[in-house]
Amino acid sequence: MLTEFREFIMRGNVMDLAVGVIIGGAFTTIVKSLTTNLINPILGLVVGKVDLSSIILTIGPARFKVGLFLNDIINFLIIAFVVFLLIKGLKKVQTLGHHEAETEAEPEPTQTELYLKEIRDLLAEQDKQA
C-alpha cells in the first residue's frame with residue numbers, strides 16, 4: 001500500500017498539481033496585496049473612502065460588510081484576468097507548435113495520388129470543352 005501511495009505521489013500530474021497549488025496560493029497573496037495597497041486607495045479616491053473594507057451597511061441588527069465583498073470581487077477579477085491571459089498565451093504557443101509540426105509532417109503525395117490528380121484535371125478540361 002505504501003508503494004502504491006509513493007507511485008501515486010511521484011506521478012507527474014500530482015507533482016504539477018502540487019506546484020500549481022503552491023504558486024496559486026502565493027499568487028493569491030500578491031493579488032490581495034495589490035488590491036489592498038494599490039487598487040483600493042485609487043477606488044477610495046473616487047468613492048470618497050480610502051479603505052473599502054470599512055464600508056459596512058447596517059440594517060437593524062444585521063451588518064453587511066460590502067467593502068470586504070468588493071475587495072473579494074476585485075481579487076477574483078484580477079486572478080481571472082491573469083488566468084485568461086495565461087491560457088490565451090498557452091493556446092497561442094500550442095497552436096504555433098502544432099502548426100510547425102503539421103507543416104513538417106506533411107508527406108509527399110504518392111505516385112497513385114499524382115495520377116489521380118492528373119485524371120481529375122483532364123476530366124475537368126473535358127467538361128469545360130463540352
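Along each chain, numbering runs from 1 in the same order as the chain's sequence is written. Owing to the predicted nature of the model, reporting of local features is limited to residues with pLDDT of at least 70; listing and counting of side-chain atom pairs is limited to 80 or more, with chain, interface and lining totals taken over all residues. Excluding hydrogens and water, the side-chain values take into account all heavy atoms of the structure.

Our next topic: the overall build of the protein. Helix and strand definitions follow DSSP, with helices as H or I runs of at least four residues and strands as E runs of at least two, each counted in order from the N terminus. A count of helical and extended segments in the protein gives 4 helices and 2 strands. Counting helices and strands in the order they occur from the N terminus, the protein gives α-α-β-β-α-α. Whether a residue is buried, partly exposed or exposed follows from its accessible area with a 1.4 Å probe, protein chains only, as a fraction of its type maximum: under 20%, in between, or over 50%, in that order. Burial statistics for the protein: of 130 residues in total, 8% are counted as buried. Note on contacts: a residue pair is in contact if any heavy atoms of the two residues lie within 4.5 Å. A separation threshold of at least 6 residues defines the contact pool for the protein, and within that pool the share at least 24 residues apart is 39%.

Further remarks concern the pattern of salt bridges. The term salt bridge refers to a pairing of a side-chain nitrogen on Lys or Arg with a carboxyl oxygen on Asp or Glu at a separation within 4 Å. A complete count under the given rule lists 1 salt bridge for this structure. The closest approach of N and O atoms between Arg-120 and Asp-121, which form a salt bridge, is 3.3 Å. Asp-121 gets classed as partly exposed once you look at its relative accessible area, which sits at 38%.

Exposure above 30% relative accessible area and the absence of a salt bridge qualify a residue for a patch, where like charges join within 9 Å and nonpolar side chains (Val, Leu, Ile, Met, Phe, Trp, Tyr) within 5 Å. Shrake-Rupley sampling with a 1.4 Å probe provides the accessible areas, and residues are treated as covered by the protein chains on show and by no other component. A cluster of nonpolar side chains, Leu-57, Ile-59, Phe-64, Val-66, Phe-69, Leu-70, Ile-73, Phe-76 and Leu-77, forms an exposed patch at the surface whose accessible area comes to about 840 Å². Secondary structure elements with two or more residues in the nonpolar patch: β1 (57–59) and α3 (66–104). In terms of residues, the nonpolar patch owes the most to one element, α3, which gives 6 residues. As for its position among the elements, Leu-57 is in strand β1. For Leu-57, a relative accessible area of 43% corresponds to the partly exposed category.

Detail in the predicted coordinates should be disregarded across regions flagged by low pLDDT. The predictor rates its confidence in each residue with pLDDT, a number between 0 and 100. Across the protein, pLDDT averages 82, with 89% of residues at or above 70. Within the protein, the element-level pLDDT minimum falls on helix α1 (residues 2–9), averaging 78, and the maximum on strand β2 (residues 62–64), averaging 94.

The residue Asn-71 is located in helix α3 in this model. Ignoring anything within four residues of it in the chain, the contact list for Asn-71 reads Thr-35, Asn-40, Leu-52 and Ser-53.

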